[in-house]
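Residue strings, one per chain:
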Amino acid sequence: MRRAMSLFLLPLLLANAEGTPAADQNAVPIPGPIKAMLDAAIESGSDGDVSVVVKYARLADPASADQVLAIAQKWRNERAAARNATIRQANIFDLWTGRAELGGYVTTGNTDSKGGSAVLDLTREGLQWRHKFHVQADYQENAGIPTREHYLASYEPNYKIDDRVYVYGAAQYESDRFLGYFDRYSASSGIGYSAVKTPRVRLDVELGPAFRRTNFTNDLLESSLAARGTMAFSWRLLPGLSVTQNAAAYVERFNSTVSGTTALNAKLIGPLSAALSYNVQYESQPPVGSVSTDTTSRASLVYSF
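Because the structure is a prediction, the values reported are computed rather than measured. (Residues numbered from 1 in each chain as written. Predicted model: local features only at pLDDT ≥ 70, side-chain atom pairs only at ≥ 80, totals over all residues. Heavy atoms only, no water.)

**Student:** Teacher, can you tell me more about a nonpolar patch on the surface here?
**Tutor:** A cluster of nonpolar side chains, namely Leu120, Val135, Leu268, Ile269, Leu272, Leu301, Tyr303 and Phe305, defines an oily patch on the protein surface of about 740 Å² accessible area. Of all the secondary structure elements, the ones that give two or more residues to the nonpolar patch are strand 10 (257-269) and strand 12 (293-304). With respect to the helices and strands, isoleucine 269 occurs in strand 10. The exposure class assigned to isoleucine 269 is exposed, which follows from its relative accessible area of 61%. (Patch = residues over 30% accessible without salt bridge, like charges linked within 9 Å, V, L, I, M, F, W, Y side chains within 5 Å. Areas by Shrake-Rupley, 256 points an atom, 1.4 Å probe, with all protein chains shown as cover. Salt bridge = Lys/Arg side-chain N within 4 Å of Asp/Glu carboxyl O. Helix = DSSP H or I, 4+ residues; strand = E, 2+ residues; numbered from the N terminus. Buried < 20%, exposed > 50% of the residue type's maximum accessible area, 1.4 Å probe, protein only.)

Spelled out as structure tokens, the structure:
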């Protein structure tokens, strides 16, 4: 009896192991125009375009909705597998992406002034690790006298716990004598969370303890524990037009710092884009003779790679 039952079930098991082709044979065919749009979206390589086609294809022809979704999901799975294979085979010098930003001005005549700013961002995305570098320099002088000198460099490794949660470490160096300090070193570690993660909108927040050591311009040297929090927000308004907002806060007993940068980025041609940005930095207890708040407006050219 058992032998007979096994012989009866064997064809069914084999069919399941091979993917049950009978279900595909009975599936409703995808209409030609919808299939053409889906193929074009897949060919573009844009997950956002594929999602839009799938959304409206399912509304236009519900009968073939499962087939459209299955094709889109198969493409996503194959792309993810190929990306993972590329990451595993990459060396330390591969997979880097970034942006270089450069802006400046010169005026002559009634006033003789000049200034410039430069920003470099580098990111490397791995399967478990993400590495972020940021370097920034701002300089301005009027009649040959410097009126602004701000320098910043930071490195932040992230260890990904899952698709949204990660553990971060952060090391940062700053110098801005017009805000009241020659050198400031900061180190922090904590938890990061990708609160919003869509093709158009992304919001990352981080929170953790920190340690800061500041050499003020009044010869005072202070070291203190602090709480660090950051927010990184980006929103693609239109193809080629986006808004970003980055903010950071160090709260400590001696001198707390809050900074934020809002930027509008517009794509020009190829990897080049134009950026308008506004930065605010606040120091709660600067040395005597220094103001608490400093602002910087920039118009820059950006090269993405």
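**Student:** Help me understand the side chain of glutamate 156 in this model?
**Tutor:** With respect to the secondary-structure elements, glutamate 156 resides in strand 4 (residues 145-160). A distance of 3.0 Å separates the side chain of glutamate 156 from the side chain of asparagine 158, its partner in a polar contact. Excluding residues within four positions of it along the chain, glutamate 156 makes contact with Arg130, His131, Lys132, Tyr166, Tyr168, Gly169, Ala170, Glu206 and Arg228. (Polar contact = N/O pair within 3.5 Å; in protein donor to acceptor, adjacent residues only side chain to side chain. Contact = heavy atoms within 4.5 Å.)

**Student:** Which parts of the structure should I look at to understand the packing of aromatic side chains?
**Tutor:** The description of an aromatic ring pair uses the distance of the two centres, along with the angle that the planes make with each other. Within this structure, the stated rule accounts for five aromatic pairs. Look at phenylalanine 133 and tyrosine 155: their rings are 4.6 Å apart centre to centre, the planes differ by 25°, and that puts the pair in the stacked class. In this pair, phenylalanine 133 is assigned in strand 3 (residues 129-142) and tyrosine 155 in strand 4, connecting sequence segments 22 residues apart. An angle of 25° between the planes, with centres 6.2 Å apart, marks the rings of tyrosine 303 and phenylalanine 305 as stacked. We classify tyrosine 303 as partly exposed; its relative accessible area is 41%. Taking relative accessible area as the criterion, phenylalanine 305 reaches 42% and is therefore assigned partly exposed. (Phe/Tyr/Trp six-rings, centres within 6.5 Å; stacked < 30°, edge-to-face > 60°.)

**Student:** I keep staring at the side chain of glutamate 222 and nothing clicks. Help me out?
**Tutor:** Looking at the element boundaries, glutamate 222 is found in strand 8 (residues 221-238). Buried charged residue glutamate 222 carries no salt bridge. Nearest counter-charge: arginine 212, at 7.7 Å. Contacts of glutamate 222, omitting those with residues within four sequence positions, involve Arg212, Arg213, Thr214, Phe216 and Phe254. (Lys, Arg positive; Asp, Glu negative; His and termini not counted.)

**Student:** Looking at this structure, I do not really get the packing of helix 3 (residues 32-44) against helix 4 (residues 47-60). What am I missing?
**Tutor:** Packed helices, taken two at a time, are described by the angle their axes make and the gap between the axes. Here helix 3 crosses helix 4 at 165°, and the two axes come no closer than 8 Å. Taken as axis vectors, helix 3 and helix 4 run roughly antiparallel relative to one another. Regarding helix 3 and helix 4, the two cross each other, and that crossing is left-handed. Together, Ile34, Met37, Leu38, Ala41, Ile42 and Ser44 of helix 3 and Asp49, Val50, Val53, Val54, Ala57 and Ala60 of helix 4 make up the contact between the two elements. Classifying every residue of the contact of helix 3 with helix 4 by side-chain character gives 10 nonpolar, one polar and one charged. (Axes fitted to C-alpha atoms, helices over the stretch in contact; angles between N-to-C directions. Parallel < 35°, antiparallel > 145°, perpendicular 65-115°, else oblique. Left-handed = near helix turned anticlockwise from the far one by under 90°. Nonpolar A, V, L, I, M, F, W, Y, C, P; charged D, E, K, R; others polar.)

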